[in-house]
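# Coordinate analysis (summary)
Each chain, written out:
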Amino acid sequence: MIASCLAGRPAARASGLTRPAAWGVYAHEHTRRWSEAIAAFDGYVFVTPEYNHGVPGPLKNAIDYLYSEWHHKAVGFVGYGVNGGVRAVEQLRQIAAELKLADVAAQVALNTFTDFDYTGVDLTDPTVTGVFAPDGRHADDLATLLDEVTVWSRALAPVRARATGELTATQS
């Protein structure tokens, strides 16, 4: 029933998505490559802008095309926008919980006004961006975030192993 409901939707037909991602059956080679790439890592750092108080559509789609590949791994967030991308990050934390991703507390919030240099930039041209020039405090924030993702990724290794049946008798 689910597959037939999805198959009738234009976006699902265009993408080849005819089954829920939780089934792990991918119609396209690019989705299988994406699955292999994500499955290969034990933790992630998502760098995201905030659009209209939320997660950008392409990032949400990239996340939603997979399911079990995300399970029992750590994730940290770097957001950027007028308010540091914090609303997009909060939405991503909810999404992460559903995907069994352990989100770390530390995050980096970059402000488009104070962490980018617009000197000599024509601000009326929407195709031109400022130069990334983050405040020095963000280096410490990023170091903490990376440390937490690393620690949590390692701590979750036995959980991943148990979930995939790779846990040996001596490890359990």
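What you are looking at is a predicted structure, and each value in this text was computed from that prediction instead of being measured.

The rules behind each value
Residues numbered from 1 in each chain as written. Predicted model: local features only at pLDDT ≥ 70, side-chain atom pairs only at ≥ 80, totals over all residues. Heavy atoms only, no water. Buried < 20%, exposed > 50% of the residue type's maximum accessible area, 1.4 Å probe, protein only. Helix = DSSP H or I, 4+ residues; strand = E, 2+ residues; numbered from the N terminus. Pairing = 2+ DSSP bridges. Right-handed = clockwise from strand over helix to strand, strands pointing away. Salt bridge = Lys/Arg side-chain N within 4 Å of Asp/Glu carboxyl O. Phe/Tyr/Trp six-rings, centres within 6.5 Å; stacked < 30°, edge-to-face > 60°. pLDDT = per-residue confidence, 0-100. Contact = heavy atoms within 4.5 Å.

For strand 2 (residues 73-81), a buried count of eight out of nine residues is recorded, marking the element as mostly surrounded by other parts of the structure. Sheet analysis places strand 1 (residues 43-49) next to strand 2, joined by seven bridges and oriented parallel. What sits directly across from V45, in strand 2, is G76. The handedness of the strand 1 to strand 2 crossover, carried by helix 4 (residues 57-64), is right-handed. Note that strand 2 and strand 3 (residues 101-111) share eight bridges and pair parallel. Looking at the pairing, G79 lines up with A109 of strand 3.

If you walk through the whole model with that rule in mind, you get eight salt bridges. Among the salt bridges present, the one from R93 reaches D103, with a minimum N-O distance of 2.7 Å. With R93 in helix 5 (residues 86-98) and D103 in strand 3, the pair connects residues that are ten residues apart, well separated along the chain. Of the residues examined, D103 reaches a relative accessible area of 31% and is grouped as partly exposed. Taking the shortest distance from any N to any O, the salt bridge between R137 and D141 comes out at 3.9 Å. With R137 and D141 both in helix 6 (residues 137-155), this residue pair falls four residues apart, about one helical turn. Overall, R137 belongs to the partly exposed group, its relative accessible area being 46%. Each of E90, R93 and D103 takes part in salt bridges that share partners, so that together they form one network.

With the rule as written, the count across this model stands at seven aromatic pairs. Ring centres of F116 and F132 lie 5.4 Å apart, and the angle between their planes is 50°; this geometry places the pair in the tilted category. Here F116, found in strand 4 (residues 116-117), pairs with F132, found in strand 5 (residues 131-132); they are 16 residues apart in sequence, far enough to count as distant. The structure contains a cluster of three or more aromatic residues connected by ring pairs, namely W34, Y44, F46, W70 and F77.

On to unusual backbone geometry, then. A positive phi angle, close to 50°, is found at N52, a residue other than glycine. Take N52: it is sitting in the loop between strand 1 and helix 4. The phi dihedral of H72 is positive, around 60°, even though this residue is not glycine. Note on placement: H72 falls in the loop between helix 4 and strand 2.

Attention now goes to the confidence of the model for the protein chain. The share of residues in the protein chain with pLDDT of 70 or more is 85%, and the mean pLDDT across the chain is 87. Element-level pLDDT for the protein chain is lowest in helix 1 (residues 2-7), with a mean of 36, against a maximum mean of 98 in helix 5. For residues 168-172, every residue scores under 50 in pLDDT, and the model assigns this stretch two contacts once sequence neighbours within four places are set aside.

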